[in-house]
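Examination of the molecular architecture
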Amino acid sequence: LEPKGKQLLKTTSDYDLWLNSSILTTETNADNILNLMTDNIDLVTVSNPPISLAELVYTWAPQFTNDVNSLTYLWGEHYRRISLFNTVILGIDAAENGTDSQKKSLKAEALLGRAHSYFYLVNEYGKPYDPATAAVDLAVPFVTSDDVSKKSPARSTVAEIYKHIIDDINEAIPNLPENNSNARFRGSKGAAYSVLARVYLYRREYAEAQRYAELALANTRAVMIDYTNSATFPTTTNVVSHADAIYGRSSVAAGIPISSELKNLFASNDARRTVLYYNWASTARGGTSFYAAAVTPAFQLTNSGTTVQEMHLIAAEGAARANNLTNALSHLNEVRRNRLTGTPVTSRDFTSTNQTAVLDEVLAERRRELPFHGLRWFDMRRLDTENRMQTIIRTTAQNVEVARLEPHSNKYTLQIPIQVLAFNPDMAQNP
C-alpha cells in the first residue's frame, strides 16, 4: 500500500530526483566539525576545561558527547547518505520506465556517492593507511543495505574499506556521464577520477594519485576561478555550481579564527588574504578569520567536494615525490597564477631545482588553498605517518594549555561514538 501523502520510489525519474537530495549534496554542521580539529584554527575563547561541542572537538576529546540519544556527528551523517545511495543501488534495476542505459548511469552515480562517503569514514575512524597494517587495522562496517532495522555488520579493516571504495568507483566509471556541468554535485567520469585521486593520495600511493588527478583534469569541463580578477567571480553563492567544481559538495565554514601558523604561510601578494579572510590586518591572536561571507559573499560556502585546483595540487605532489620537478611546478604554478598578483604572470611562479623545496612548497600551497574544506585533518594524519607533524598545543586566551596532540597520537583516529556502541555493544572501540 502506498502511504497517503507519500511518494514511493517507482520510476527511473523518481530515483533520478532522489540523487538531487540536499542530504546527499550539502554537508551539515555535524560534518563541518572536522575543520575544528586542525592546526589551522586558534580558538582563543576555548574554556578550561572544554565544555561546548566545538571546544571538545577542538581539543580532540575522545567523545564529543555523553548523551547516547544525541546526534552521532560524522558517523551518523555519512551512514545516512550511504543508506540513501544504497536505496538507488538496490532498487533502480526494478524501476518503472527509463532505459537500461539511464538505470546503469544512476546506479553508477550512487556507487560513486557511496564510495565518497566511505572515503570519509575510513579516514575518520580507521588508522591512517599503512600497507603493513591495513589488513588488520579496524575501520568501519561496510553497509550495503538500506534497511536501518538490520544489525550492523562487524567493522571491516582499513584495507577492506579502501578496496570496496576503489571497486565501487571502478564499477561506476564505464556508466557515468561524460559531463556534469549542469549539476556538478552529480556524478561524472571526471568526478570519479577525482575521488580516486583523493583515495590514492591518502593511501600514500602518489604515482596513482597523480595519474587519476590528471585523468580528472582531462575529463572535466570545470576551470579554475581567478581570485586576482573579481570580474571572473561567480554570481551565485551556490558553490556546487561554481566553475571550478568537479564533484560539488556544499559546506559551511565561516567566522573561523585562524592560527598564526596558517596566516604566516600567505605572501603579501596572495589574493586569498582579502577575498576569503576578514580583518587580515589584525595583529591580535585569532583576530583574522576565514569568513568570505563578510568580504566576498559569492565564496561564503566552501566546496568539500573535488575541484580543479585540488587536482592540480595532488598531481603536483605526486610529481614532486617522484622528482619530476618540471611537471610538479607546472601544476603548482597553475594554481599560483590564479591566486597571486603581479605582472608578468610568470612572476607568480615558484621555481626551484631542489626536490625537497618543491615538495615543501606544494604542501604549503595545499594548506593555503584547502584550509577549511574538510581535508586538512586527513592531511595531518597522512603527514604524521611521514614524521612531518609537530606537537600541536591548544591554549586559552591566557596561554594556559588545555590540550595537546603529539606526533603519532591515538587521537589522530576518532573513537567510535558511544551512541553507536550503545546499539552495537560487541563492536570494538578504538584506543
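Residues numbered from 1 in each chain as written. Predicted model: local features only at pLDDT ≥ 70, side-chain atom pairs only at ≥ 80, totals over all residues. Heavy atoms only, no water.

What follows concerns the overall build of the protein chain. Across its full length, the protein chain carries 16 helices and 11 strands. Relative to the 2.2 N^0.38 estimate, which gives 22 Å for 431 residues, the radius of gyration of the protein chain is 21 Å and therefore close to what a compact globule would have. C-alpha atoms of the protein chain, sized along the principal axes, occupy 65 × 50 × 45 Å. Restricting the contact set of the protein chain to residue pairs at least 6 apart, pairs at least 24 apart contribute 68%. (Helix = DSSP H or I, 4+ residues; strand = E, 2+ residues; numbered from the N terminus. Rg over C-alpha atoms; globule rule 2.2 N^0.38 Å. Contact = heavy atoms within 4.5 Å.)

Across the protein chain, pLDDT averages 96, with 98% of residues at or above 70. Low pLDDT (under 50) marks residues 1–6, which in the prediction has four contacts with non-local residues, meaning those over four places away or in another chain. (pLDDT = per-residue confidence, 0-100.)

Turning our eyes to something else, we now look at helix H5 (residues 75–91). Between its first and last C-alpha atoms H5 spans 24 Å; for 17 residues at 1.5 Å apiece the expected length is 24 Å, and the two agree. Most of H5 is tucked away: 14 of the 17 residues are buried. (Expected span 1.5 Å × (residues − 1). Buried < 20%, exposed > 50% of the residue type's maximum accessible area, 1.4 Å probe, protein only.)

This next bit is on the pattern of salt bridges. For the structure shown, the criterion picks out 33 salt bridges. Where Arg186 meets Glu109, a salt bridge forms, and the shortest distance between an N and an O atom there is 2.7 Å. Residue Arg186 is located in the loop between helix H7 (158–172) and helix H8 (189–202), and its partner Glu109 is located in helix H6 (residues 100–125); the two are separated by 77 residues in the primary sequence. Each member of the pair Arg186 and Glu109 is classed as buried. The partner of Arg336 in a salt bridge is Glu361, with the nearest N and O atoms 3.2 Å apart. (Salt bridge = Lys/Arg side-chain N within 4 Å of Asp/Glu carboxyl O.)

Before going further, it helps to spend a moment on the packing of H8 against helix H9 (residues 206–218). It is at 8 Å that the axes of H8 and H9 come closest, and there the two elements cross at 160 degrees. Taken as axis vectors, H8 and H9 run roughly antiparallel relative to one another. Seen along the crossing, H8 lies across H9 with a hand that is left-handed. Between H8, through Gly190, Tyr193, Ser194, Leu196, Ala197, Tyr200 and Leu201, and H9, the contact on the second element is made entirely by Tyr206, Glu208, Ala209, Tyr212, Ala213, Leu215 and Ala216. (Axes fitted to C-alpha atoms, helices over the stretch in contact; angles between N-to-C directions. Parallel < 35°, antiparallel > 145°, perpendicular 65-115°, else oblique. Left-handed = near helix turned anticlockwise from the far one by under 90°.)

Attention now goes to the pairing of strand E11 (residues 401–405). Summarising the sheet, strand E10 (residues 392–395) and E11 pair through four bridges and their orientation is antiparallel. In the strand pairing of E11, Ile393 is matched with Arg404. In sequence, E10 turns back onto E11 through a hairpin of five residues, with Asn399 there showing a positive phi of about 65 degrees. (Pairing = 2+ DSSP bridges.)

This part takes up the packing of H6 against H7. Orientation of H6 relative to H7, taken along the N-to-C sense of each, is 160 degrees, at an axis distance of 8 Å. The orientation of H6 with respect to H7, classified from their angle, is roughly antiparallel. Crossing hand, H6 versus H7: left-handed. Where H6 approaches H7, its residues Ala108, Leu111, Leu112, Arg114, Ala115, Tyr118, Phe119, Val122 and Asn123 are matched on the opposing element by Val158, Ile161, Tyr162, Ile165, Asp168, Ile169, Glu171 and Ala172. The residue inventory of the contact of H6 with H7, partitioned by class, reads 13 nonpolar, one polar and three charged. (Nonpolar A, V, L, I, M, F, W, Y, C, P; charged D, E, K, R; others polar.)

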